[in-house]
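Descriptive analysis of the structure
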Amino acid sequence: MSRIKSIEELEKLRETIIEKQKARKLSIAICNGPGCLPLGSRKITQAFIDEVKKQKLTDKGVEVRATGCHGFCAQGPLVVIEPQGLFYQGIKVEDAPEIISETIVNGNIIDRLLYTDPDSGEKIPLEKDIPFYKSQQRLISGNNRLIDPNSIEDYIAIGGYKAVSKVLSEITTEQVIEEVKLSGLRGRGGAGFPTGLKWKLCHDNPGDTKYIICNADEGDPGAFMDRATLEGNPHIVIEGMIIGAYAIGAHEGYIYVRNEYPIALKRAIRAIEQAEKYGLLGEDILNSGFNLSLHIVRGAGAFVCGEESALMSSIEGKVGEPSQRPPFPVQKGLWRKPTVINNVETWANIPHIINRGGKWFASMGTEKSKGTKIFSLVGKVNNTGLVEVPMGITLRSIVFDIGGGIPKGKKFKGVQIGGPSGGCIPEKLVDLPVDYESLTSAGAIMGSGGLIVMDENTCMVDIAKYFTNFLSEESCGKCYTCRKGLQRMHEILTDITEGNGKEGNVELLEELANVVKDTTLCGLGQTSPNPVLTTLRYFKNEYESHIKEKKCPAGVCKELITYSVDPEKCTGCMVCLRNCPADAVTGAKKQIHHIDPEKCIKCGSCYELCKFDAIKIE
Amino acid sequence: MVKLIINGMEVQAEEGWTLLEAIRWVGFDVPTLCYHEGLTPYGACRLCVVEIGKEPRSKLVSSCTYPVEEGLIVRTHSKRVVNARKMIVELMLASSPQSKTVQDLASQLGVQQIRFKVEHEDCLLCGLCVRMCAEQMMAKAIDFAFRGGDRKITTPFDMKSEECRRCGACMYICPACQLRCDGPQAEQDICNACLQITPECLKTYDDVMCYLTTCGACLKQPETKQKETKNNKS
Amino acid sequence: MELSGIQKIIEKNGTHRSALIPILLDIQDEYHFLSRDALACVAQTMDIALVDVYRAATFYKYFSLVPKGEHLIQVCLGTACHVRGAPGVLNEIQRKLHIKPRETTEDKLFTLETVNCLGACAMGPIIVMDEEYHGQMTVSKVDKLIESFKKHEGITKDEQDKKH
Ligand SMILES: Cc1cc2nc3c(=O)[nH]c(=O)nc-3n(C[C@H](O)[C@H](O)[C@H](O)COP(=O)(O)O)c2cc1C
Ligand code: FES
Ligand code: FES
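Source: prediction; values computed, not measured. (Residues numbered from 1 in each chain as written. Chains lettered and ligands numbered in written order. Predicted model: local features only at pLDDT ≥ 70, side-chain atom pairs only at ≥ 80, totals over all residues. Heavy atoms only, no water.)

1. Some remarks on the overall build of chain B
- Counting its regular elements, chain B contains seven helices and seven strands.
- From first element to last, N terminus to C terminus, chain B shows the α and β order β-β-α-β-β-β-α-α-α-β-β-α-α-α.
- Taking all 234 residues of chain B together, the buried fraction comes to 50%.
- Summarising the internal contacts of chain B: among those between residues at least 6 apart in sequence, 55% fall at separations of at least 24.
- When the accessible surface of chain B is summed, it comes to about 12,100 Å², and 51% of that surface belongs to carbon and sulfur atoms. (Helix = DSSP H or I, 4+ residues; strand = E, 2+ residues; numbered from the N terminus. Buried < 20%, exposed > 50% of the residue type's maximum accessible area, 1.4 Å probe, protein only. Contact = heavy atoms within 4.5 Å. Areas by Shrake-Rupley, 256 points an atom, 1.4 Å probe, with all protein chains shown as cover.)

Right under this line is the structure:
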């Protein structure tokens, strides 16, 4: 492939690729996303490739495609057969030959591999009919299934880089910014700053040298949507960045990817190389006179480096310590030059906005929150995975319609949203619309998009302790109140969960939390008390049980619980006895077992394994 | 010139000044700990916070690092600010009670209780010594290392540093060991509170040019030092 | 450690200050830890104060100043894994191997690390042993997994018990 030298050439290439792809009669799209990979989807892909070869189907237009995340991780590994959109789940290597012979060759649906609707018990063959997908609006993530992320041609075939050619040929920088402003797009990385405004501020700052940065650090310890986007469709991020660079007048940009995401790194590096080879990056892009080069920077593992000023300092080769803003990055950013930094998902929205117009984009969502948002729906919920929903959808819709409710018939307690510095929202607010303002007013934040569902077995004090500990380790440690304040909050929370809570602890926590929020420099410190403050706000009774009655209602805090066997229910099956790592269970076959409280390490292994619900936690 | 309003008063400040400089220039004061006129402001201790902007959208910022801005409304002693400072000093008091600087601040701000478990952590990580070493002594022998709760100030690998000239400037400027406190419990005749700490440096250097005539930590025998710290902990 | 190898890595990345972290990452990848000599070599070649290099090397979680064990066990303590019982899994590994996170067993066989979310939350709790993911971990599965690794190394349970 030689460089594409003009917009006409790009369009011609697109036609050629589409023409070529018409030979594809059937595609087998195998999810190789973050959830399915550990379940062996790489081997499964190879099995399909081998089988297609063996049955000599390559020439007959059968294509095997390893793709990015399809979203429904709970049912993985997933295989979707196009163009029908036939959805097979829980695929194993052994299933490949059968799928090829039965479905691909003979056109029969294999019942066993279909998704079963838990409510009606019916089998659902097509992806689009599955309740998990029905209430979603997969603007960004929907394309993952359609392309091989290693192939720029696949991306071009579905309309890729059209927005770039449009921008470079027809519109001025001001018009691009206007369009983004009109769309109402707000940053998906946490704070929700209006993207168009950010670009305008940077554009208006004088200076020849400007930079753009894509923040793919994704340090939120319960989220993986940026990873999935970068792995599943790296070119859309690059396309967004080219448009942004053009708008503000930058000729150099960086994608900052955390090192824990080796696949995302590889895909991004490869995508940049391809785009350079095709002339979509580099000098004189599509004969427009516009130059842009992109570089990859690996993050060496620090949550705080997701914060923009820390991230830039990290690119400069220093430690990731946030710095005083103002000056803001749009004024003095990377190497003190005006810089626009946006999140992966923010960038991925840009090509859509340019192609279909800001007005179209603004028609989705609520008054102040536009478009869609990807959440990683995890925790105590049936349908874990990546979901993309229009802004303004209720939590109920996400947890129950899409998420399929809580496993094992347990009671829903609430969700934790917005990452470590987000907040816990209780069940009674389940009809809260998910948009920037509503979440903030509930004490949480949109954050990057982690959405962790919690049930009756989740202890809220423990959750607050968990996040406080996380943040205390991840704080850079510069601000005294962030470092010491978080340590002290953790100390108090530890006391409470260990049964050493005292009268006055709750008030002190609240007072300290508010001071930490007020007196810290960066977003990490300022939002770090949110988990404590929201759990205090909505679950104060749990704190009180721990402090006054020395009880953990959820049965989580080890020091406050004991495990015992319910003699009524125990059948003497020996399962817990055999699996107890501390040898604390005694008894014999068909005899009621007993747990020795002295030996018990409270690991919960018996509780997990007992089929008869005979282990009691008190 | 930049015009801003400090405690209701219109103030003309020079472009590029920090809020702290403007505040002190007109004669108000805010307490500071990690600030030193001869060194680059760092913003670590957060004691110098002031409230900026109009309520309810006002916020607290560290005045030693925040630049003056046209029309900015600044309040140096609002209730929110004073309460925050008190909490900061209470935190410091609980972790570094041997520091006279901290004890003095506590008295100044009227902090009369410690609601946290008292520990002897000594170093406040204000970074004065780090900046002193790098900016005034041009040595760059010590710096911060690690992060979060593990953060500390040290030489590379905690070993004797070739860059260090044993000038003692770091100890000279340290608010945790520079001025020894006379003891938190006044009723005791002999306090010896300062003997509770063993400056980190002594593990590595016993030939440092120490200006601390009253410290005496280096004169003590290693065994007695250890015993004492143990006793104090129990 | 071969200092010429370090020099090569520096050459590849350049001596601009912004190359520091990529260089340290490459050294970590290549040698699995950052030795004193390596850091001193980086400081000297790049003309950066040794404290700056040391500071960066201790700030980021990916770097290790001591050599790691043969097998790396990473326990995800991401939020999703936490609510699904990761702390119990971690406790069990600690109990079994007698090491804490970021430590290596005496026989240099295992290094234990905790990580924040590997992006596979849907299958939590997750542990990764030598880059292989093990999902839906439970306390009882930990035992089996570690035993299987030891068996692979030819260490029987008896020997192990004798040691402790
Ligand atoms: C502690 C902390 C961690 C952050 N982590 C991330 C992150 O992992 N990814 C991200 O895109 N933004 C993160 N942010 C937000 C960034 O600072 C910045 O606001 C964002 O990248 C701007 O892009 P946006 O406007 O597109 O959201 C973090 C902020 C803070 C305070
Ligand atoms: S004096 Fe300003 S933060 Fe310490
Ligand atoms: S929380 Fe474990 S993989 Fe994300």
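Okay, back to it.
2. A few points about the sheet that holds strand 4 (residues 127-129) of chain C
- In spatial order, the strands read 2-3-1-4-5 (chain C); together these five strands make up an open sheet with mixed pairing. This sheet does not close on itself; its edge strands, each paired only once, are strand 2 (103-104) and strand 5 (132-134) of chain C. (Pairing = 2+ DSSP bridges.)

3. Some remarks on the interface of chain C and chain A
- With 40 residues of chain C at the contact, the number on the chain A side is 52 residues.
- Of the roughly 3,700 Å² buried between chain C and chain A, counting both surfaces, carbon and sulfur atoms make up 59%.
- Summed over the three residues of chain C that lose the most area to chain A, namely C:Phe59, C:Thr79 and C:Val83, the buried surface amounts to 17% of that side.
- Inspection of the region where chain C meets chain A yields three salt bridges.
- Here chain C is connected to chain A by 16 residue pairs in polar contact (both at pLDDT 80 or more).
- Looking at the side of chain C that touches chain A, the elements with two or more residues in it are helix 2 (20-31), helix 4 (50-59), helix 5 (79-83), helix 6 (86-97) and helix 7 (139-152) of chain C.
- The element best represented in the side of chain C that touches chain A is helix 2 of chain C, accounting for six residues. (Buried area = accessible area lost by both parts, 1.4 Å probe. Salt bridge = Lys/Arg side-chain N within 4 Å of Asp/Glu carboxyl O. Polar contact = N/O pair within 3.5 Å; in protein donor to acceptor, adjacent residues only side chain to side chain.)

4. A few points about the site of ligand 1
All names here are of chain A.
- Taken together, 19 residues lie near ligand 1, and Gly-189, Lys-198, Asn-342, Asn-343 and Thr-346 sit nearest.
- Glu-218 has a polar backbone atom sitting 3.0 Å from an oxygen atom of ligand 1.
- Within the backbone of Ile-341, an N or O atom sits 3.5 Å from an oxygen atom of ligand 1.
- For ligand 1, whose accessible area on its own is 610 Å², the fraction buried by protein is 89%.
- When contributions to the shell around ligand 1 are tallied by element, the ones reaching two or more residues are strand 10 (339-343) and helix 20 (523-527).
- Top element by residues in the shell around ligand 1 is strand 10. It accounts for three residues.
- Considering only residue class, the shell around ligand 1 consists of three nonpolar, ten polar and six charged. (Near = heavy atom within 4 Å. Nonpolar A, V, L, I, M, F, W, Y, C, P; charged D, E, K, R; others polar.)

5. Section: the interface of chain B and chain C
- Facing the 16 residues of chain B at the interface are twelve residues of chain C.
- Considering only the surface of chain B that becomes buried against chain C, B:Phe146, B:Arg147 and B:Phe157 emerge as the three largest contributors, covering 46% of it.
- Joining chain B to chain C, the criterion identifies two salt bridges.
- A salt bridge links B:Lys140 to C:Asp52, with the nearest nitrogen and oxygen atoms 2.7 Å apart.
- At the surface where chain B touches chain C, the tally comes to four residue pairs in polar contact (both at pLDDT 80 or more).
- The dominant element in the side of chain B that touches chain C, judged by the number of residues it contributes, is strand 6 (residues 143-145) of chain B, at three residues.
- Taken together, the residues that form the side of chain B that touches chain C break down as nine nonpolar, two polar and five charged.

6. Some points on helix 8 (residues 195-204) of chain A
Residues and elements named next belong to chain A.
- Here helix 8 has its buried residues at Thr-195, Gly-196, Lys-198, Trp-199 and Cys-202. Looking straight down helix 8, one finds that the buried residues subtend no more than 160 degrees of arc, so they occupy a single side.
- Taken together, the buried residues of helix 8 touch helix 7 (173-183), helix 10 (234-248), helix 12 (308-315), strand 10 and helix 13 (344-356). (Arc of directions from axis to C-beta.)

7. Describing the packing of aromatic side chains
- Summed over all chains, the structure comprises 22 aromatic pairs over all chains.
- Relative to A:Tyr133, the ring of A:Phe132 lies with its centre 5.0 Å away and its plane at 85 degrees, an arrangement referred to as edge-to-face.
- The ring of A:Tyr261 is capped by A:Arg258, whose NZ or CZ atom sits 4.8 Å from the centre of that ring.
- Looking at A:Lys478, its charged tip hangs above the ring of B:Tyr42, at a distance of 4.4 Å from the centre. (Phe/Tyr/Trp six-rings, centres within 6.5 Å; stacked < 30°, edge-to-face > 60°. Lys NZ or Arg CZ within 6 Å of the ring centre and 35° of its normal.)

8. Considerations on the side chain of A:Glu239
All names here are of chain A.
- Tracing the backbone shows Glu-239 in helix 10.
- Arg-14 provides the closest opposite charge to the buried, unpaired Glu-239, separated from it by 7.1 Å.
- A distance of 3.2 Å separates a polar atom in the side chain of Glu-239 from the backbone nitrogen of Val-164. (Lys, Arg positive; Asp, Glu negative; His and termini not counted.)

9. With respect to unusual backbone geometry
- With an omega dihedral of 5 degrees, the bond running from A:Glu82 to A:Pro83 counts as a cis peptide bond.
- The residue A:Pro83 is located in the loop between strand 3 (79-82) and strand 4 (86-88) in this model.
- Residue B:Glu55 is joined to B:Pro56 through a cis peptide bond whose omega torsion reads 5 degrees.
- Tracing the chain through its elements places B:Pro56 in the loop between strand 3 (49-52) and strand 4 (59-62).
- Positioned with a positive phi, A:Leu286 is a non-glycine residue whose angle comes to about 50 degrees.
- Topologically, A:Leu286 is positioned in the loop between helix 11 (262-277) and strand 9 (293-299).

10. Things to note about the pairing of strand 1 (residues 2-6) of chain B
All names here are of chain B.
- Residue alternation in strand 1 divides its side chains into a buried set, Val-2, Leu-4 and Ile-6, and an unburied set, Lys-3 and Ile-5.
- Inspection of the sheet shows strand 1 paired to strand 2 (residues 9-13) by five bridges, in the antiparallel sense. When the bridges of strand 2 are listed, Ile-6 appears paired with Met-9.
- In this structure, the hairpin formed by strand 1 and strand 2 is closed by a connection of two residues, where Asn-7 is found at a positive phi of approximately 50 degrees.

11. Re the domain arrangement of chain C
- Looking at the assigned domains, one finds that chain C contains domain 1 (3-59) and domain 2 (71-163).
- Averaged C-alpha coordinates put domain 1 of chain C and domain 2 of chain C at centres separated by 30 Å. (Domains from an automatic or database assignment.)

12. Let's talk about the environment of A:His70
Residue and element names in this part refer to chain A.
- Within the secondary structure, His-70 is located in the loop between strand 2 (62-67) and strand 3.
- Its relative accessible area of 3% is what places His-70 among the buried residues.
- With 41 residues separating them along the chain, His-70 and Ala-29 place their C-alpha atoms 9.4 Å apart.
- If near-sequence neighbours (up to four positions away) are discounted, His-70 is found in contact with Ala-29, Ile-30, Cys-31, Leu-78, Val-80, Tyr-133, Arg-138 and Arg-145.

13. Here we look at the pattern of salt bridges
- For the coordinates displayed, the defined rule picks out 48 salt bridges over all chains.
- We note a salt bridge from C:Arg55 to A:Glu321, for which the minimum N-O separation is 2.6 Å. Highlighted residues: C:Arg55 in helix 4 and A:Glu321 in the loop between helix 12 and strand 10, drawn from two different chains. In terms of burial, C:Arg55 and A:Glu321 fall into one category: buried.
- In this structure, the salt-bridge partner of A:Glu474 is B:Arg147, at a minimum N-O distance of 3.0 Å. On the criterion of chain membership, the pair formed by A:Glu474 in helix 17 (residues 460-474) and B:Arg147 in the loop between strand 6 and strand 7 (152-154) is interchain, its members lying in two chains.
- One continuous salt-bridge network, built from bridges that share partners, spans A:Asp518, B:Glu51, B:Glu55, B:Arg75 and B:Arg80.

14. Observations regarding the nonpolar core
- By size, the foremost hydrophobic cluster in this structure holds 132 residues, and its most contacted members are A:Leu509, A:Tyr543, C:Leu24 and C:Val42.
- In terms of nonpolar packing, the next biggest core, distinct from the first, is built from 122 residues, A:Phe72, A:Met225, A:Ala444 and C:Cys117 among them. (Core = buried A, V, L, I, M, F, W, Y, C linked by side-chain atoms within 4.5 Å.)

15. As for the pairing of strand 15 (residues 450-455) of chain A
Residue and element names in this part refer to chain A.
- Extensive coverage of strand 15 is indicated by the burial of six of its six residues.
- Residues Gly-450, Ile-452 and Met-454 point to one face of strand 15 and Leu-451, Val-453 and Asp-455 to the other, with burial holding for every one of them.
- Note: strand 11 (residues 372-379) against strand 15, four bridges, orientation parallel. Bridge pairing links Ser-376 to Gly-450 in strand 15.

16. A look at helix 3 (residues 36-46) of chain C
- Within the span of helix 3 of chain C, buried status applies to C:Ala38, C:Leu39, C:Cys41, C:Val42, C:Ala43 and C:Met46.
- Each element contacted by the buried residues of helix 3 of chain C is listed here: helix 1 (3-13), helix 2 and helix 4 of chain C.

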